[in-house]
Amino acid sequence: QVQLVESGGGLVQAGGSLRLSCAASVSIFTASGLGWYRQAPGKQRELVARITTRNIDYLDSVKGRFTISTDNAQNTVYLQMNSLKPEDTAVYYCRLTIKYVNDYWGRGTQVTVSS
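The sections below set out a description of the structure shown in this document.

Analysis parameters
Residues numbered from 1 in each chain as written. Predicted model: local features only at pLDDT ≥ 70, side-chain atom pairs only at ≥ 80, totals over all residues. Heavy atoms only, no water. Core = buried A, V, L, I, M, F, W, Y, C linked by side-chain atoms within 4.5 Å. Buried < 20%, exposed > 50% of the residue type's maximum accessible area, 1.4 Å probe, protein only. Helix = DSSP H or I, 4+ residues; strand = E, 2+ residues; numbered from the N terminus. Contact = heavy atoms within 4.5 Å. Salt bridge = Lys/Arg side-chain N within 4 Å of Asp/Glu carboxyl O.

1. A word on the nonpolar core
Ranked by size, the top nonpolar core spans 28 residues in total, and within it Trp36, Val48, Phe66, Leu79, Met81 and Tyr92 carry the most contacts. Counting residues per element, the ones that place at least two in this core are strand 3 (18-24), strand 4 (33-39), strand 5 (46-52), strand 7 (66-71), strand 8 (76-81), strand 9 (90-98) and strand 11 (109-114). Not counting the four nearest positions on each side in its chain, Leu79 is found in contact with Leu18, Arg19, Leu20, Trp36, Val48, Ala49, Phe66, Thr67, Ile68 and Tyr92.

2. Side note on the pattern of salt bridges
One pass over the full model with this rule turns up six salt bridges. Note that Asp88 and Arg38 form a salt bridge whose closest N and O atoms lie 3.0 Å from each other. Residue Asp88 is found in the loop between strand 8 and strand 9, and its partner Arg38 is found in strand 4; the two are separated by 50 residues along the sequence. In this pair, the class of Asp88 matches that of Arg38, namely buried. Across the pair Arg65 and Asp88 runs a salt bridge whose closest N-O atoms are separated by 2.8 Å. Of this pair, Arg65 sits in the loop between strand 6 (56-58) and strand 7 while Asp88 is found in the loop between strand 8 and strand 9, placing the two residues 23 residues apart along the sequence. Considered together, Arg65 and Asp88 belong to a single accessibility category, that of buried residues. Through salt bridges with shared partners, a single network forms among Arg38, Glu46, Arg65 and Asp88.

Here it is, written out as structure tokens:
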């Protein structure tokens, strides 16, 4: 059973930083996709940042502020978030894709940015 556990969320003032972590119970070395998504109240879940075998993608509104990275030895995916804005407030979810078809999600971590 694949498990993903997010951590690092919290309350921060606008302009501040947070680093989210997603620890996987399996090796992420051969994952076909690793990503962070977020869902704000009343809105659809959206892609924030994603690493695939081909490239790294970011939501336009977070480019230059957020960075996704991995530590394969720790089976952990990170999302460094700088210059946070109130509109970044959401529950952030980690997603792991194996062999392009098997998707796994974490339970999410709340990020709240105050103005």
